[in-house]
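What follows is the residue order along each chain.
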There are 4 protein chains.
Amino acid sequence: MSAYDKDKKNILSRLRRIEGQVRGLQKMVDEDQYCIDILTQISSVMAATKKVGLIILDDHIHGCVRDAVKKEGGVESIDELITALERFMK
Amino acid sequence: MSAYDKDKKNILSRLRRIEGQVRGLQKMVDEDQYCIDILTQISSVMAATKKVGLIILDDHIHGCVRDAVKKEGGVESIDELITALERFMK
Amino acid sequence: MSAYDKDKKNILSRLRRIEGQVRGLQKMVDEDQYCIDILTQISSVMAATKKVGLIILDDHIHGCVRDAVKKEGGVESIDELITALERFMK
Amino acid sequence: MSAYDKDKKNILSRLRRIEGQVRGLQKMVDEDQYCIDILTQISSVMAATKKVGLIILDDHIHGCVRDAVKKEGGVESIDELITALERFMK
């Protein structure tokens, strides 16, 4: 069982919606739709993807990081988290 | 013909790869894979999507915005661009 | 005269406020204030700095880029802009 | 004593440098320097400020959040962290 188990359905439905948006983007590009409309859709994909990341992050800290702190201090788990955060924030 | 016509193949192939990554994410979540690995894949989707946005943006300014400036001053076209940029940068 | 001449007073007053916030941050750190309060102030400095960047960007495109397009096509000016945008969006 | 105590000197010296950069920006604007140079300096201030945020964040999670988890489960401390992270990532 994963730390994000309770949000699994929510996360999967968000990812399916993002997949649909990315497919929609291909159609827009294929049909030569207007750049600004494409850029708006791209911004929406980015925001939706970031939101999924924040949900995973929330569950990860409440779950895995907390468990690691309780069990063995959590120093490595937190170092790993910080590295992931830096990548996510770029 | 769109301003991004010359990059169309490149953009479409990037979008297909992003679609594949998002489908891969669903599989990872479905299989309860480790949060940090999912977060890394999410960061990668965000970076790839941003890159597509930058290509569209580049083509849009070199194409549509330049044309608008030449034809009728371009003030409205630039206002529209700035609004899209603010959304894209959030 | 610069492209941002009409916003100069506004920009300078924003920068002075940001300078004050950064000095305030030093005081907070010096007094061992709570991390989350410092992080909130840092987020506020980042948002305020980004806003100044967007004002400069707006004036630059409406001013310098438009002029360059009218005078000599603007290709180099737009390439320079895209490079600056990528750096600004990181 | 704060969670970032061991990095205090480093953080303060970074903040002083940022303060200097923001003052430099005012001079650049006052002297009508070129927009793109100003935008580059603004990007540099944003990156430097983000870096300070990441140091504080690192110390906060290794310090305050870990302590809270050990002492009383840490749920509230983690909720507070997530809220700060969302603001910091905007």
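## Thoughts on the overall build of chain A
Point 1. From N to C terminus, chain A includes three helices and zero strands.
Point 2. Going residue by residue from the N terminus, the α and β elements of chain A occur as α-α-α.
Point 3. Since a compact globule built from 90 residues should have a radius of gyration of about 12 Å, the 17 Å found for chain A marks it as more spread out than a globular shape.
Point 4. When the 90 residues of chain A are sorted by exposure, 41% land in the buried category.
Point 5. The contacts in chain A between residues at least 6 apart in sequence include a share of 52% that link residues at least 24 apart.

## Regarding the relation of the copies chain B and chain A
One chain copy maps onto the other through a rotation about an axis and a shift parallel to that axis.
Point 1. Under the fitted operation, chain B is carried onto chain A by 0.0 Å of movement along the axis and a turn of 180°, and the coordinates agree to an RMSD of 0.0 Å. The symmetry that links the two subunits is that of a two-fold axis.
Point 2. Here 100% of the interface residues in chain B have copies in chain A that are interface residues too; the copies meet face to matching face.

## Re the interface of chain B and chain A
By a widespread convention, an interface's size corresponds to the accessible area lost as its parts come together.
Point 1. Contacts between the two partners involve 42 residues from chain B and, on the opposite side, 42 residues from chain A.
Point 2. Elements with a minimum of two residues in the side of chain B that touches chain A: helix H1 (8–30), helix H2 (35–72) and helix H3 (75–89) of chain B.
Point 3. In terms of residue count, the dominant contributor to the side of chain B that touches chain A is H2 of chain B (19 residues).
Point 4. For the side of chain B that touches chain A, the per-class residue count stands at 24 nonpolar, seven polar and 11 charged.

## Some thoughts on the environment of Ala84 of chain A
Point 1. If you trace the backbone, Ala84 of chain A turns up in helix H3 (residues 75–89).
Point 2. Sequence-distant contacts of Ala84 of chain A, defined by excluding residues within four places in its chain, comprise Ile36, Leu39 and Thr40 of chain B.

## Examining the packing of helix H2 (residues 35–72) of chain D against helix H3 (residues 75–89) of chain D
Residue and element names in this part refer to chain D.
Point 1. With their axes 10 Å apart at the nearest point, H2 and H3 run at an angle of 170° to one another. As far as their axial angle goes, H3 and H2 are roughly antiparallel. Side by side, H2 and H3 meet where Gly53, Ile61, Cys64, Val65 and Ala68 of the first sit next to Ser77, Ile78, Leu81 and Phe88 of the second.

## Some words on unusual backbone geometry
Point 1. Phi at Asp32 of chain B is positive, roughly 55°, even though this residue is not glycine.
Point 2. The class for Asp32 of chain B is partly exposed, based on 14 C-beta atoms found within 10 Å.

## Some thoughts on helix H3 (residues 75–88) of chain C
Residue and element names in this part refer to chain C.
Point 1. Here H3 contains 14 residues, and its C-alpha end-to-end distance of 20 Å stays within 8% of the 20 Å for a straight helix at 1.5 Å per residue.
Point 2. Along H3, the positions that sit buried rather than exposed are Ser77, Ile78, Leu81, Ala84, Leu85 and Phe88. Angular distribution of buried residues about the axis of H3 spans 120°; they occupy a single face of the element. More than 90 degrees from the buried face of H3, the exposed residues found are Val75, Glu76 and Thr83.

## Considering the confidence of the model for chain A
Point 1. Averaged over all residues, the pLDDT of chain A equals 97, while 100% of them reach at least 70.
Point 2. Predicted complex metrics record ipTM = 0.96 and pTM = 0.95.

## A short note on the environment of Lys9 of chain A
Residue and element names in this part refer to chain A.
Point 1. Relative to the helices and strands, Lys9 is located in helix H1 (residues 8–30).
Point 2. Given 10 C-beta atoms within 10 Å, Lys9 falls into the exposed group.
Point 3. Along the primary structure Lys9 and Leu39 are separated by 30 residues, whereas in three dimensions their C-alpha atoms are 29 Å apart.

About the thresholds
Residues numbered from 1 in each chain as written. Chains lettered and ligands numbered in written order. Predicted model: local features only at pLDDT ≥ 70, side-chain atom pairs only at ≥ 80, totals over all residues. Helix = DSSP H or I, 4+ residues; strand = E, 2+ residues; numbered from the N terminus. Rg over C-alpha atoms; globule rule 2.2 N^0.38 Å. Buried ≥ 20, exposed ≤ 12 C-beta atoms within 10 Å, placed from the backbone. Contact = placed C-beta atoms within 7 Å. Least-squares fit on C-alpha atoms with pLDDT ≥ 70 in both. Nonpolar A, V, L, I, M, F, W, Y, C, P; charged D, E, K, R; others polar. Axes fitted to C-alpha atoms, helices over the stretch in contact; angles between N-to-C directions. Parallel < 35°, antiparallel > 145°, perpendicular 65-115°, else oblique. Expected span 1.5 Å × (residues − 1). Arc of directions from axis to C-beta. pLDDT = per-residue confidence, 0-100.

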